[in-house]
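Residue strings, one per chain:
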Amino acid sequence: AGRGIGRAVAIACAEAGANVVVNDYGVSIDGSAPSSEVADEVVAEITGNGGQAVAVADSVTTMEGGARIVQTAVDTYGRIDGVVCVAGILRERMLINMAEEEWDPVIETHLKGTFTVFRAAAPLMREQKSGTLIGFTSGAFAGSVAQANYSAAKGGIVSLVRSAAVGLHKYGVTA
């Protein structure tokens, strides 16, 4: 939530009165040099405008990272009412010459990243009988010429959100 759509979502949530956990691993375009500076900047903007926010710099590509993000919300605010998974990277290349090293990080960040945070939040929301899980996708889920990895990840997110909605609806959790 340090840049782009994630930043806009974090700020909009804070403006609407939500307490926000701003997570951003803060890597450069090529995926290197992790830093929490970008998350800290968004927190400073939110708190400077009278909102409540805390920064986390963890990778959503691991179960532990997703759990720490959710646990930060619970530890800081006492509960978690919603998650918005926006994390994303691009490694554009045609399917005919895409390498595994270009496929895996995109799938891990978009699809697995949504899963790790949903997985950590869902049991808590089920227990409290409320909450909302939001995953971001794009029109590319229907296919994209030079983004087989991105399209596959976004299609997976569509199915994951639908599965979460069907499975958690009876517990008062929406997706």
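Our structure's up above, just so we're on the same page.
Residues numbered from 1 in each chain as written. Predicted model: local features only at pLDDT ≥ 70, side-chain atom pairs only at ≥ 80, totals over all residues. Heavy atoms only, no water.

### Describing helix 3 (residues 63-77)
And step 1. Along its 15 residues, helix 3 runs 21 Å from first to last C-alpha, staying within 8% of the 21 Å computed at 1.5 Å per residue.
And step 2. Within helix 3, the full set of buried residues consists of Gly-65, Gly-66, Ile-69, Val-70, Thr-72 and Ala-73. What you see down the axis of helix 3 is that its buried residues fit within an arc of 140 degrees, all on one side.
And step 3. Buried-residue contacts for helix 3 involve strand 1 (19-23), strand 2 (52-56) and helix 4 (100-128).
And step 4. Phi turns positive one or two residues past the end of helix 3, at Gly-78, with a value near 90 degrees. (Helix = DSSP H or I, 4+ residues; strand = E, 2+ residues; numbered from the N terminus. Expected span 1.5 Å × (residues − 1). Buried < 20%, exposed > 50% of the residue type's maximum accessible area, 1.4 Å probe, protein only. Arc of directions from axis to C-beta. Contact = heavy atoms within 4.5 Å.)

### As for the nonpolar core
And step 1. Ile-80, Val-83, Val-117, Phe-118, Ala-121, Met-125 and Leu-133 are the most contacted members of the largest nonpolar core, which has 20 residues in total.
And step 2. The element that contributes the greatest number of residues to this core is helix 4, accounting for 6 residues.
And step 3. Listed in part, the 10 residues of the second largest apolar core include Ala-10, Ile-11, Ala-39 and Val-43. (Core = buried A, V, L, I, M, F, W, Y, C linked by side-chain atoms within 4.5 Å.)

### What to know about the packing of helix 3 against helix 4
And step 1. The contact between helix 3 and helix 4 brings their axes to 7 Å, and the two run at 45 degrees. Classified by the angle their axes make, helix 3 and helix 4 are oblique. As for how helix 3 packs across helix 4, the hand of that crossing is right-handed. Facing helix 3, whose interface residues are Met-63, Gly-66, Ala-67, Ile-69, Val-70 and Val-74, helix 4 presents Phe-115, Thr-116, Val-117, Arg-119, Ala-120, Ala-121 and Leu-124.
And step 2. Grouping the amino acids of the contact of helix 3 with helix 4 by side-chain chemistry returns 10 nonpolar, 2 polar and 1 charged. (Axes fitted to C-alpha atoms, helices over the stretch in contact; angles between N-to-C directions. Parallel < 35°, antiparallel > 145°, perpendicular 65-115°, else oblique. Left-handed = near helix turned anticlockwise from the far one by under 90°. Nonpolar A, V, L, I, M, F, W, Y, C, P; charged D, E, K, R; others polar.)

### Considerations on the pairing of strand 4 (residues 131-135)
And step 1. Inspection of the sheet shows strand 3 (residues 82-85) paired to strand 4 by 4 bridges, in the parallel sense. Across the sheet, residue Gly-82 finds its bridge partner in strand 4, namely Thr-132.
And step 2. Bridge analysis of strand 4 against strand 5 (residues 173-174) gives 2 bridges, and the strand direction is parallel. Within strand 5, the position partnered with Gly-131 by the bridge is Val-173.
And step 3. Since strand 4 and strand 5 lie parallel, the crossover through helix 5 (residues 148-168) that links them has a hand, and here it is right-handed. (Pairing = 2+ DSSP bridges. Right-handed = clockwise from strand over helix to strand, strands pointing away.)

### A word on unusual backbone geometry
And step 1. Phi at Lys-129 is positive, roughly 60 degrees, even though this residue is not glycine.
And step 2. Examined against the element boundaries, Lys-129 turns out to sit in the loop between helix 4 and strand 4.

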